[in-house]
Amino acid sequence: MTLTEEIAKRRTFAIISHPDAGKTTLTEKLLLYGGAIHLAGSIKSRKTQRHAVSDWMEIEKQRGISVTSSVLQFDYAGCRINILDTPGHQDFSEDTYRTLMAVDSAVMILDAAKGVEAQTKKLFKVCRERRIPIFTFINKLDRYGKIPLDLTDELENVLGIRAYPMNWPVGVDGKYLGVFDRRKNQVELFAEDTTHGQKERASETFAADDPQLVERIGQDNFDALQDDLLLLDEAGEVWDKSKVDAGELTPTFFGSAMTNFGVQNFLEEYLRLAPPPAPRLSSDGIIEPEDEKFSAFVFKIQANMNPAHRDRLAFIRICSGKFERNMNVWHAQTDKLIKLAQPQQFLAQDRQIIDEAFPGDIVGLFDPGIFGIGDTLTDTAHKFKFEDFPTFPPEKFARVQAKDTMKRKQFAKGIDQLTQEGAIQLFNQVGAGTESYVVGTVGTLQFEVLQYRLKSEYGVDVLLTMLPFEVARWLKFNDGTKVTPASLRGADRGLFVLDRDENPVLLVENEWALGWIRDNNPKLEMFATPAEL
Ligand code: G4P
């Protein structure tokens, strides 16, 4: 197969949702239909015992949640699918956001009874900023939910994205019989689910004007469907693929992941419409995936994934050319040549050593401690750097110190490595020395992970004190003078710290405090991330 053909068949995406909307269940059903697993229920049951794909951290087992993002690859209908898992629990981390930097599209799951929820909004925002296509799967149609028209309205009113329903439920709420496919102009009616969703569900299709259809679904359901379809055609969005590609129109599907209702149709339509690997911006202009010269970037670093071998993996997303085992590449950030030995890939449930991979694929590399998030790897004959990753403003802060001061060295090393991995953002309080650090994260769970990893990987027990701050602002005076605790009026209304590059940052409790600082320091400029400085 040529490079162009390999690229054309790849679909790399993440599933985003609020916890419990059905991400795990849908992922599993996609694997079921993709033939990668034979009986659904295997991933789910391990959620409570041991998570199959990301059982790397003890903490996951203890809490029954997936802390680390994992990658799954399988083939379906001539496509090679890479699903990047994003942790979906309440306390997510920057990892979740970063994973979205490595995908070409996203599938957003909503619970039909709940509609758009808090975490859906946050994740959606990141996808929106990247302008990637977003596909919506409205789940749990097997039980009572909001009415379909209200759900599509909600996408527009709450998220501000226009929705184009690709299919429409047939029947009455809580007892839907099937879905109407608007493109194919046909109805798919599902047989009774006799395996509790463990196996593919049988269905029959009828053309929209097939007289048998009325017989099967009843005149009332038929009439209600016609009314809805008329409304969609007359008052709904117009199909426009270019708007889908630009992330402005979301193709919306109704279904139930648990009962395999509408799942196959969703998968097939998604694969038809979702984009193959996209070009990326670099210091040398746009890099096309078809460029014969290899390039990739690191989007995630994970230490100690396998407790048996204390390894550290850097996950790269391939952007152009062909990846080959043992190839030599140029690492932009250190300006060094690196040999990529023992690359790992994630096929369905196992890690395997791989020999080759193509744009859109994710490869795990053993990392001797040189890689950072966002780093670029390129062919030695074409050196450049991809655009920097955006940093996401931390919202939770804690003071961390080693319980045993004799372990200060390991403590500093651990903190430094975890900062490099991007698990935490590190701040120094002016004048506080190296006894303790102020650490910022996107979600509170990261503190537990931090505490756990410092103990298990570096042998350091730490004392964590949560700080009451929720907002960080990078500071600059517009006349070029230095912002210091002494020159900033009201610095004691928050905590004055320095980031790793010694930039001044003020942590405050809320926007109100920020307003006071702003009003009382006319020369001050404030930024939510250091990149804006
Ligand atoms: P998440 O990864 O997004 O957090 O959601 P997950 O798939 O774990 O699903 C959360 C709960 O919702 C699970 O129930 C799951 O069975 C259920 N669920 C998922 N899809 C559907 C669906 O289409 N219809 C219905 N009715 N329920 C669905 P649970 O009680 O937490 O777990 P379990 O006892 O079913 O394993």
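Worth saying up front: this structure is predicted, and the values here are computed from it rather than measured.

## Concerning the overall build of the protein
When its secondary structure is counted, the protein shows 14 helices and 31 strands. Residues classed as buried in the protein amount to 55% of the 533 residues present. Taking contacts inside the protein between residues at least 6 apart in sequence as the whole, the part at least 24 apart equals 70%.

## Focus: the packing of aromatic side chains
Evaluated as defined, the whole model comprises 16 aromatic pairs. For the pair W168 and F254, a centre-to-centre distance of 5.3 Å together with 80 degrees between the ring planes defines the contact as edge-to-face. Remark: F254 occurs in strand β11 (residues 249-254) and W168 occurs in strand β7 (residues 167-172); sequence separation between them is 86 residues. Judged by centre distance (5.2 Å) and plane angle (85 degrees), the rings of F384 and F386 are edge-to-face. The class for F384 is buried, based on a relative accessible area of 5%. An aromatic cluster is present here, built from F13, F135, F137, F253, F266 and Y270 joined pairwise through their rings. Here the basic side chain of R493 rests over the ring of W516, its NZ or CZ set 3.6 Å away from the ring centre. Above the face of the F477 ring, K523 is positioned so that its terminal group lies 4.8 Å from the ring centre.

## Comments concerning the sheet that holds strand β26 (residues 436-441)
Ordered in space as β27-β24-β26-β25-β29-β30-β28-β31, the eight strands form an open sheet in which the pairing is antiparallel. Looking along the sheet, the strands with just one partner apiece sit at the ends: β27 (462-467) and β31 (524-527). Across the sheet, the mean angle from the axis of one strand to that of its neighbour is 40 degrees, orientation sign disregarded. Bridge count for strand β25 (residues 425-429) against β26 is three bridges, and the pairing is antiparallel. Residue pairing across strands places F427 opposite V438, the latter belonging to β26.

## Some words on helix α12 (residues 408-421)
Here α12 spans 20 Å end to end across 14 residues, near enough to the 20 Å set by a 1.5 Å rise per residue. Downstream of α12 by a residue or two, G422 has a phi angle that is positive, lying close to 85 degrees.

## A closer look at the nonpolar core
Core analysis: the biggest nonpolar cluster contains 76 residues, and F294, I316 and F323 have the highest contact counts within it. At six residues, the largest contribution of residues to this core is made by strand β15 (residues 312-320). Two domains share this core, each providing at least three of its residues, namely domain 1 (3-169 + 237-273) and domain 2 (280-378). Formed by 30 residues, the second largest nonpolar core is a distinct cluster that contains F137, M166, Y270 and A274.

## Regarding the sheet that holds strand β9 (residues 186-190)
With respect to topology, four strands assemble into an open sheet ordered β7-β8-β9-β10, the strand pairing being antiparallel. Pairing within the sheet leaves two strands with one partner each, and these edge strands are β7 and β10 (203-207). Across the sheet, the axes of successive neighbouring strands diverge by a mean angle of 30 degrees, strand direction being ignored. Direction of pairing for β7 relative to strand β8 (residues 175-181): antiparallel, over a ladder of six bridges. Among the inter-strand pairings, V172 is bridged to a residue of β8, identified as K175. Its contacts with the sheet place helix α9 (residues 219-235) against β7, β8 and β9, and it is angled at close to 150 degrees to β7.

## Let's talk about the environment of R518
Tracing the chain through its elements places R518 in helix α14 (residues 511-520). Accessibility expressed as a relative area gives 45% for R518, which makes it partly exposed.

## Points about the side chain of R10
When you line up the elements, R10 lands in strand β1 (residues 10-17). In terms of polar contacts, R10 uses its side chain to reach the side chain of D361, at 2.8 Å.

## A short note on the pairing of strand β3 (residues 79-84)
When you tally the buried positions in β3, you get five out of six residues, the bulk of the element. With five bridges joining them, β1 and β3 adopt parallel strand pairing. Across the sheet, residue R11 finds its bridge partner in β3, namely I81. Bridge count for strand β2 (residues 71-76) against β3 is six bridges, and the pairing is antiparallel. Looking at the pairing, D75 lines up with R80 of β3. Hairpin geometry of β2 and β3 is characterised by an intervening segment of two residues between the two adjacent antiparallel strands and by a positive phi of about 45 degrees at A77.

## Here we look at the pairing of β11
Burial within β11 is extensive, with six of its six residues counted as buried. Every second residue of β11 is oriented toward a common face, with L249, P251 and F253 on one face and T250, T252 and F254 on the other, all of them buried. Alignment of strand β6 (residues 162-165) against β11, held across four bridges, turns out to be parallel. Along β11, the bridge assignment pairs P165 with T252.

## Re α14
Within α14, burial applies to A513, L514, G515 and I517. The elements touched by buried residues of α14 are β28 (471-477), β30 (504-508) and β31.

## Remarks on the confidence of the model for the protein
Predicted confidence across the protein gives a mean pLDDT of 86, with 88% of residues reaching 70 or more. Confidence drops under pLDDT 50 across residues 42-69; counting only partners more than four residues distant or on other chains, this segment forms 72 contacts.

Definitions and cut-offs
- Residues numbered from 1 in each chain as written.
- Predicted model: local features only at pLDDT ≥ 70, side-chain atom pairs only at ≥ 80, totals over all residues.
- Heavy atoms only, no water.
- Helix = DSSP H or I, 4+ residues; strand = E, 2+ residues; numbered from the N terminus.
- Buried < 20%, exposed > 50% of the residue type's maximum accessible area, 1.4 Å probe, protein only.
- Contact = heavy atoms within 4.5 Å.
- Phe/Tyr/Trp six-rings, centres within 6.5 Å; stacked < 30°, edge-to-face > 60°.
- Lys NZ or Arg CZ within 6 Å of the ring centre and 35° of its normal.
- Pairing = 2+ DSSP bridges.
- Axes fitted to C-alpha atoms, helices over the stretch in contact; angles between N-to-C directions.
- Expected span 1.5 Å × (residues − 1).
- Core = buried A, V, L, I, M, F, W, Y, C linked by side-chain atoms within 4.5 Å.
- Domains from an automatic or database assignment.
- Polar contact = N/O pair within 3.5 Å; in protein donor to acceptor, adjacent residues only side chain to side chain.
- pLDDT = per-residue confidence, 0-100.

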